[in-house]
Amino acid sequence: MNTEDKLSQALRELASRSSHQLSPAVGAMLKLEFHRHHARRRRARITVVAALLVLAAAPFLLRRSLLAPRAASDANTRSSITSAVPESAALGRGWSASEDSGFITLPIYDPAIPVEGARLVRLQMPGSALSLVGLPVRQDAADRQFVADVLLAQDGTPFALRLVNQ
Amino acid sequence: MIPPPTDERELLRQISKGNEAAFAAMYERFQGIVYRFALHVSGNAATAEEVTQEVFLQVIRNCNGYDATKGSLAAYLIGIARNLVRRRFEEQRELALPEDSEEWVEAGPEVEVDVLEQLDLQEMLGRLDKAIRALPEQYRAAVVLCEMEEMSYADAAAALDCAPGTVASRLNRARKMLQARLGRQGCVR
């Protein structure tokens, strides 16, 4: 065996005799860190996915939240209108088949368009005007004054009315 | 439990997905060579432990840096370890010699070393260990990888970020340096 070979052999012997060992604590710490790292990554992924879902749903949610009060108001209005219209009074366009409302919807009223901020005003008006909006007013009562509750939309457009019993 | 994959790329893929068994398998497979390399190159057990820990922490945080076409996973990990050891050397200003130092080769006589036969094994290994630690870092790394860990020139080159020919050249010079140093200790007949 020449010197080169002896040196190589000695180097390998030195390597094999190395008594130093890596502390088991290092392995334990690394496994813990691995677990923590991937737990953090999982949380981050979940957060990103949740954020994407919110972003994707945002237009829908926004539209819904904007429409909800209007729809509720509209539903309330319609409910009060329809519930106030007696079945016996259900005549012509815009009439509702509900039981106990005295309200009659006017031809301008479109159930598809939500009504916001409706106001109720009490007016005195001639029978002829009531007849024009579809109320069954006898011809001889055309000049007579009637008291009516009129529902106005936010812009002041009347969309329903009812006769007040006198 | 599904056994961890043996293919190194698949192993890293599983690790990146959070497979703890794959990480444990990789750690068991490579911690020894990484630690021994860091130990022999740094000459300090505490530094070697810190470096080994940091190597695997880097893999935990990002295991996409490994390119199988450039070398084995062991070479990749040792490459990280080497950079960390060098950084510590720079921090501590303990670099043995500058990169292109010829001091060792020129100072030592070209002698046949009989010290390996003259001394008892334990003493001889002690002297050899000291001689390795006294080598400039790049030569020491070549000796540790190619002689002590019996790594191929190609893998050692990947770990040391140089050409295989450079590894061979460094190894040749390192051996001459070791022979010269042992010879100068008066162990030569």
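Rules of the game
- Numbering of residues starts from 1 in every chain and runs along the sequence as written.
- Note on labels: chains are lettered from A, ligands numbered from 1, in written order.
- A pLDDT threshold of at least 70 governs which residues receive local features in this predicted model, and a stricter bar of 80 or more applies before side-chain atom pairs are shown or counted, although totals over entire chains, interfaces and linings include all residues.
- Think of the side-chain values as coming from all heavy atoms in the structure, minus any hydrogens and water.
- A run of DSSP states H or I qualifies as a helix once it reaches four residues; a run of E qualifies as a strand once it reaches two. Both are numbered from the N-terminal end.
- Relative accessibility thresholds used throughout: buried, under 20% of the residue-type maximum; exposed, over 50%; partly exposed, between the two (1.4 Å probe, protein chains only).
- Note on contacts: a residue pair is in contact if any heavy atoms of the two residues lie within 4.5 Å.
- The accessible surface values rely on the Shrake-Rupley method and a 1.4 Å probe; as for residues, cover is taken only from the protein chains in view.
- Think of a 1 Å grid over just the protein atoms. A cavity is a set of points where a 1.4 Å probe fits yet cannot get out, a pocket is an open set with protein on both sides within 12 Å along at least five of seven lines, and lining residues have an atom within 4 Å of a point.
- Grid points are joined across faces, edges and corners, and a volume is the space filled by probe spheres set on the points.
- Gly falls in the polar group here, along with every residue not listed as nonpolar (Ala, Val, Leu, Ile, Met, Phe, Trp, Tyr, Cys, Pro) or charged (Asp, Glu, Lys, Arg).
- The rule for pairing is simple: two strands pair if DSSP sees at least two bridges between them.
- Lines fitted to the C-alpha atoms define the axes, with helices restricted to the stretch that makes contact. Angles between their N-to-C directions range from 0 to 180 degrees.
- A carboxyl oxygen of Asp or Glu within 4 Å of a side-chain nitrogen of Lys or Arg is what we treat as a salt bridge.
- Under the convention used throughout, the expected extent of a helix is 1.5 Å for every residue step, that is, one less than its residue count.
- Within this analysis, the arc is defined by the directions that extend from the helix axis to the C-beta atoms.
- Criterion for a disulfide: a pair of cysteine sulfur atoms within 2.5 Å.
- pLDDT gives the predictor's per-residue confidence on a scale running from 0 to 100.

Describing the overall build of chain A
A count of helices and strands for chain A gives 3 helices and 4 strands. What you see in chain A, going N to C, is helices and strands ordered as α-α-β-β-α-β-β. With 166 residues in all, chain A has 32% of them scored as buried. Relative to all contacts within chain A whose residues are 6 or more apart in sequence, the contacts with residues 24 or more apart total 48%. Looking at chain A as shown, the accessible area adds up to about 10,600 Å², and 58% of this sits on carbon and sulfur atoms.

Some details on the overall build of chain B
Looking only at helices and strands, one finds 10 helices and 0 strands in chain B. Order of helices (α) and strands (β) in chain B, N terminus to C terminus: α-α-α-α-α-α-α-α-α-α. Counting only residues that meet the buried cut, chain B has 51% of its 189 residues in that class. Within chain B, contacts between residues separated by at least 24 positions form 67% of all contacts whose residues are at least 6 apart in sequence. Of the roughly 8,800 Å² of accessible surface on chain B, a fraction of 45% belongs to carbon and sulfur atoms.

Let's talk about the layout of surface pockets
Empty space among the atoms can be located by rolling a probe the size of a water molecule over them. Residues and elements named next belong to chain B. Roughly 340 Å³ of volume is contained in the largest pocket. As for the largest pocket, its lining consists of 21 residues, of which A75, Y76, G79, A158 and A159 are closest to the centre. Every element with two or more residues in the lining of the largest pocket is listed here: α4 (73-92) and α9 (153-160). Grouping the constituent residues of the lining of the largest pocket by class yields 10 nonpolar, 6 polar and 5 charged.

Section: the sheet that holds strand β3 (residues 145-152) of chain A
Within a sheet, neighbouring strands are paired by backbone hydrogen bonds and run either parallel or antiparallel to one another. Residues and elements named next belong to chain A. Reading across from one edge, β1-β4-β3-β2 is the order of the 4 strands in this open sheet, with antiparallel pairing throughout. The sheet is open, and its two edges are formed by β1 (103-105) and β2 (119-126), each paired on a single side. With strand direction ignored, the average angle separating the axes of adjacent strands in the sheet is 35°.

Overview of the pattern of salt bridges
If you walk through the whole model with that rule in mind, you get 14 salt bridges over all chains. Across the pair B:E150 and A:R12 runs a salt bridge, and its minimum N-O distance is 3.8 Å. Here B:E150 is found in the loop between α8 (137-148) and α9, whereas its partner A:R12 is found in helix α1 (residues 3-16) on a different chain. For B:E150, a relative accessible area of 54% corresponds to the exposed category.

Considering unusual backbone geometry
All names here are of chain B. With a phi angle near 55°, E150 is a residue other than glycine that sits in the positive phi range. Positive phi outside glycine occurs at D161, with the angle close to 55°. On the secondary structure map, D161 appears in the loop between α9 and α10 (164-187).

Some points on helix α7 (residues 121-133) of chain B
At 3.6 residues per turn, the α-helix brings residues three or four places apart onto the same side. Residues and elements named next belong to chain B. In this model α7 runs 18 Å from its N-terminal to its C-terminal C-alpha over 13 residues, within 8% of the 18 Å that 1.5 Å per residue would give. Every buried residue of α7 is accounted for by M124, L125, L128, D129, A131 and I132. For α7, the angular spread of the buried residues around the axis is 165°, confining them to a single face. Residues of α7 that are exposed and angled more than 90 degrees away from the buried face: Q122 and K130.

Some words on the state of the cysteines
Residue and element names in this part refer to chain B. Per the stated rule, a full pass over the model turns up 0 disulfides over all chains. Unpaired in terms of disulfides, C146 finds its nearest cysteine sulfur in C162, a separation of 9.0 Å. A relative accessible area of 8% places C146 in the buried class. Judged by its relative accessible area of 21%, C162 is partly exposed.

Digging into the confidence of the model for chain A
All names here are of chain A. In the predicted model, chain A carries a mean pLDDT of 71, and 67% of its residues have values of at least 70. The element-level mean pLDDT for chain A is lowest in helix α2 (residues 24-84), coming to 70, with α1 highest at 83. Here residues 79-99 is modelled with pLDDT under 50, and outside its nearest four sequence neighbours on either side it reaches 51 contacts, counting other chains as well.

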